[in-house]
Structure formats: C-alpha cells, structure tokens
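Residues per chain, in single letters:
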Amino acid sequence: MTDAPWSHDLPWPDDLPPFDPFDPAIQADPYRHYAWLRAHAPVVRAGRADAPLYLVSRYDDVLAGLKDATAFVSTPPGGAIIPGLLLMLDPPLHGPMRQTISRAFSPRAVNAIEDAVRTLVATHWDRFLAAGGGDAAAGFATPLTMGVIATVLGITIDDAARMRDWTNSAVDFIATRIRGVVNPDASVDSYAAMRAFMADAMDRAAADRAAGRGRDTVIDALAALRDEGALTAEEADGFACLLFMAGHETTTLLSVNCLDQLARDPAALWWLRAGGSPAAFVDEMLRHRPSVHRVTRYAARATTIAGCAVPSGAPVRFLIASANRDAARFPDPDRFDPDRRGAPHAGFGFGMHICMGSWLARLELRLMLAHIAATTATIAANGRRVPVEGGAFATSGLTRLDLSVTRRSA
Ligand code: HEM
C-alpha cells in the first residue's frame, strides 16, 4: 500500500499541465489528462494540501468504488449539504426512499409522455431549422429540456424558467460546498424558494384531486405519496427540486454534445439517416462525451484503491468520463462509434445512485435525433463554442454552440 501521488508532483509531459479538475481550460477538454492518469497514476491527490481530493480514473476502479456503497458513501463526513436529498443519502435510508419515489417517477410513465415529448422536439427543432440555426443551447436544447421537465412535473413553462434560475444558484451552492468552499447564503435561499414553490404546487394538485380534477403528473403523484404519509413534506418537495437540479443541465448539455458531434462528423448524420439506432447514438455519446464527468463519494473508513491508501472521510472523485475511455474496456476508446458493443458505460453513474431519470433523458434524446435525421440536410458549426465553466455537479459540455442548419427537401 502506498500514498497516492499529488497530481502536481507527477512527471507530466511538457504539454500537459498537472491535472486540476477545477481548471476551466482543462475542464473544457480533459481527455488527454484522463488518458495519462489511467496509464501512470490511476489514483492521485489534488486540491488543498490540508483537504485533498482523491481522483480515480480507471474503469474497473471506478465501477468497483461506485458499487461499494458501504466503503464509499454519499453523505459528507460533516453531514448532508441538503438534508434528505436522495442523491446524498446512504443505506439504510436510500433504498426505501428511492423505491417509494419511483412510484411517482419511473419509466412506466414513458408511454404517457412520449407523444408530448415528440411534439416538443418537433416544435423546437422546426423553429431552429426555420431560422437557419443559431445558438443550439439557448435556441433549441434549453427550451426543449425545460418543456419536457415542465410536462413531466406538471408545471407551466414560466414556472420552469423560474425553477431553472433557482436551480442554477442552488446547484452552484452544492457544487462549491462539495469543493469545500462556503458560498453566500443567497443560494440557500434559492433552494428554499424552490421548495416553497414545489410545496405550493403539491397543495394545489391535492386540492384539484379532491375536487375530482386530478392529473397524471409527477407533482400529483408526489402530493399523493405525501398525503398518504409515505413521504414527509420535506422529502416530497425536495425530490421534485432534485428532478430539476439533476435533470435539466445534464440533459441540455448532452443534447448539445449530440449536435456538436453531428456538426463535426457529417458521417454521424448519414449513419442516423441510413437507419442507425438513435438509442445507440445516445448511449455512445454518454460514453464518449457524457455531460457528467465525475461523481463524489467519501471514504467511510480507511481503505485502498488500486493499491493506494485513502484515509477515512476523504472525498473521492470517481471520474466516470475517464472510465468511459479506458482502453481496457473500450477498444479504440477515443473514437465515436455508435455501432460499438461491449462493456456498459458509466455515463449515468453506477451502483445504487445510478441515474433515476436515464429513461427520460434517453427518450428525449432519441426522439430528438430521430427528428433531426428525418428533417435536416446539413448541420455545420458556425461561430462560437463556449464550454461549461464551474461545472455544477461536475458537468461538462458546451453552454453555447453556434450552428447553421438546412432543411431536407421533401
Ligand atoms: C443526459 C442526462 C443525464 C445524465 C448524464 C445524468 C447523470 C447522472 C449521474 C452520473 C448520476 C449519479 C450521481 C451519483 O452517483 O452521485 C445521476 C443521478 C440522478 N439523476 Fe441523472 N442524469 C441525467 C438526466 C437526468 C434526468 C432527466 C433526471 C430526472 C428528471 C435525473 C435524475 C437523477 C436523480 C434523481 C439521480 C439521483 C439518484 C439517486 O441518488 O438514487 N437525471 N444522474
């Protein structure tokens, strides 16, 4: 057993500065760093000398760590950043809560919303096509994702826009706390505002149900679970907020990554048109360029990863985007190949916290790709590409992507 090396002490090649997960330039394109880490230092330390983070880059180590929820826990040693948030719960609380919540939010709802999502995709893409393109993030992916999540929850698009603003600030609060930085209280207020909004929406849903006007939405289902005592009020409105926080930015960024792929690799559009499966395209994108790059756990006790000592309580960042490029599991890993078969990717995480909204993200993205293949002749990059900075929840991708698009003749 050895101590993990510090990232800044490693003999990095001249053209690669030491890996720092918070450096915006590295965050914009970390894949050469990931490859070097996997080859030379599968566990490293980064961050402050008195509060190191342990970064784990190889597929087998990442999956083993995420599957072992007793060795690596989600609640920070100082207590949950937001109490009761599913994402930060550990056994024995996590399993029963996830099971209860899945009565309100599960793939069973897919059939019910598929037509609505298809209509939203067509509306937003056809508008983007008619304009000849623009910024694909602001002009297409953001309104689409917000429309979908508003539909699923059962809130208006204006309320979804307010939720998005609160979410951005609440998620920044969580992300900076994960980094050990204490943010201004304004972000806590945003979370309180989101929760109050959701609580009010549930009260209204319950009143409507009592008046015989119940609807088939997640808010209605959560209100019912709350009122029958299966969830506390805090758990019910906290989960509704989590759906927004975990689902909006992640899906928006992955949609833009798909569009970027189509713009940079015209063969990808041909592949779809020739009958390639949109679902396989989405999964390869989740492997090749996922929108979440790492997930955080804390060592529940002193342990080892790949022969390196990890002290009790230490934050461990499992680099899922690096695991997805590990040649030991994915031959020719830097190539985007939607025909690829083999090991499962870790783009939605792994283990008991594996993404609960993967079915919704997959539905939205596969309908998007199918519609684009059917309607669009060309997609070309045309101007600015702005990468995520700060990366709330360790997200990665483009917050702005200027595209020119042309319609396919009938
Ligand atoms: C492409 C889009 C998405 C990506 C890449 C993604 C990625 C992830 C990842 C990596 C995790 C695991 C976090 C961890 O282990 O700590 C996660 C968890 C979660 N995601 Fe997603 N997600 C996406 C979309 C969504 C959507 C659309 C929703 C719901 C509207 C959602 C809801 C959740 C929830 C509730 C959890 C927590 C599950 C738990 O703690 O048991 N996600 N997601």
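Here the structure is a predicted model, which is why all the values come from computation and not from measurement.

What counts, and where the lines are drawn
The residue count restarts for each chain, going from 1 along the sequence in the order it is written. Two thresholds apply to this predicted model, a pLDDT of at least 70 for residue-level local features and 80 or more for giving and counting side-chain atom pairs, whereas whole-chain, interface and lining totals are computed over all residues. The side-chain figures draw on all heavy atoms in the structure; neither hydrogens nor water molecules are used. Salt bridge, as applied in this entry: a Lys or Arg side-chain nitrogen positioned within 4 Å of an Asp or Glu carboxyl oxygen. Strands here are runs of E lasting at least two residues and helices are runs of H or I lasting at least four, both read from the DSSP assignment and numbered beginning at the N terminus. Strands are treated as partners if at least two bridges between them are detected by DSSP. Axis lines are fitted through C-alpha atoms, for helices just across the contact stretch, and the angle between N-to-C directions can take any value from 0 to 180 degrees. Only heavy atoms enter the contact rule, under which two residues are in contact if any of them lie within 4.5 Å. Donor atoms are limited to N, O and S found within 2.8 Å of the metal ion, a distance that becomes 3.2 Å for Na, K and Ca. With water left out, some sites might look partial. Only protein chains enter the accessibility calculation, which uses a 1.4 Å probe; a residue is then buried when its area is under 20% of its type maximum, exposed when over 50%, and partly exposed in between. Proximity is defined per residue: any heavy atom of the residue falling within 4 Å of a molecule or strand makes that residue near it. Side-chain atoms alone can form a polar contact between residues adjacent in sequence; in general such a contact is a pair of N or O atoms within 3.5 Å, and within protein one must be able to donate a hydrogen while the other accepts it. Here the nonpolar group is Ala, Val, Leu, Ile, Met, Phe, Trp, Tyr, Cys and Pro; Asp, Glu, Lys and Arg are the charged ones; every other residue, Gly included, is treated as polar. Here is the rule for handedness: rotate from the far helix to the near one, and if that takes an anticlockwise turn smaller than a right angle the crossing is left-handed, while a clockwise turn gives right-handed.

Caption draft 1: View of the pattern of salt bridges. Summed over the entire model, instances satisfying the criterion amount to 27 salt bridges. For R366, the salt bridge is made with E114, and the minimal N-O distance between the two is 3.9 Å. Of this pair, R366 sits in helix α14 (residues 358-375) while E114 is found in helix α5 (residues 110-130), placing the two residues 252 residues apart along the sequence. Here D220 makes a salt bridge to R215, at a shortest N to O gap of 3.3 Å. Here the salt bridges share partners, and the residues they tie into one network are E114, D115, R118 and R366.

Caption draft 2: Region of the structure containing the sheet that holds strand β5 (residues 133-135). One open sheet holds the 3 strands; their spatial order is β5-β11-β10, and the pairing between them is antiparallel. Sheet topology places β5 and β10 (376-387) at the edges, where each strand pairs with a single neighbour. The mean angle between the axes of side-by-side strands here comes to 10°, regardless of whether they run parallel or antiparallel. Where helix α6 (residues 136-153) meets the sheet, it contacts β5 and β11 (398-407), and its direction lies at approximately 90° from that of β5.

Caption draft 3: Summary view of the coordination of the iron atom of the ligand. When only protein atoms are considered, the iron atom of the ligand has one donor, C355 (SG), at a distance of 2.3 Å. Checked against the element boundaries, C355 lands in the loop between α13 (320-323) and α14.

Caption draft 4: Representation of the side chain of H293. Along the polypeptide, H293 turns up in the loop between α12 (278-288) and β6 (295-299). Look at H293 and you get buried, because its relative accessible area is 4%. When near neighbours in sequence (up to four residues on either side) are disregarded, H293 contacts P30, Y31, Y34, F318, L319, I320, A321, A394 and S396.

Caption draft 5: Geometry of the site of the ligand. Lining the immediate surroundings of the ligand are 30 residues, of which H94, R98, R297, H353 and C355 lie closest. R297 places a side-chain nitrogen or oxygen 2.7 Å from an oxygen atom of the ligand. Take H353: an N or O atom from its side chain is 2.7 Å from an oxygen atom of the ligand. Mapped onto the shell around the ligand, the elements with two or more residues apiece are α4 (94-101), α10 (233-264), β6 and α14. The dominant element in the shell around the ligand, judged by the number of residues it contributes, is α10, at 8 residues. Across the shell around the ligand, the residue classes break down as 19 nonpolar, 9 polar and 2 charged.

Caption draft 6: Geometry of helix α9 (residues 218-227). For α9, a buried count of 7 out of 10 residues is recorded, marking the element as mostly surrounded by other parts of the structure. Among the residues of α9, those classed as buried are V218, I219, D220, L222, A223, L225 and R226. G229 sits one or two positions beyond α9 and adopts a positive phi of about 90°.

Caption draft 7: Region of interest: the pairing of strand β2 (residues 43-48). Across 6 bridges, β2 lies against strand β3 (residues 51-56) in antiparallel orientation. Pairing of R48 across the sheet is with A51, part of β3. Where β2 folds back on β3, the antiparallel hairpin that results is connected by 2 residues.

Caption draft 8: Structural context of the packing of α6 against α10. Relative orientation of the contacting elements α6 and α10 amounts to 145°, with a least axis distance of 9 Å. Classified by chirality, the crossing of α10 by α6 is right-handed. Counted together, A136, A137, F140, A141, T142, T145, M146, I149 and L153 of α6 and A240, L243, F244, G247, H248, T251, T252, S255, V256 and L259 of α10 form the full contact between these two elements. Partitioned by chemical class, the residues of the contact of α6 with α10 number 12 nonpolar, 7 polar and no charged.

Caption draft 9: Summary view of the environment of S190. Examined against the element boundaries, S190 turns out to sit in helix α8 (residues 186-210). The spacing of S190 and A170 is 20 residues in sequence and 5.7 Å in space, taken between C-alpha atoms. Dropping the residues within four chain positions of it, S190 is found in contact with W166, S169 and A170.

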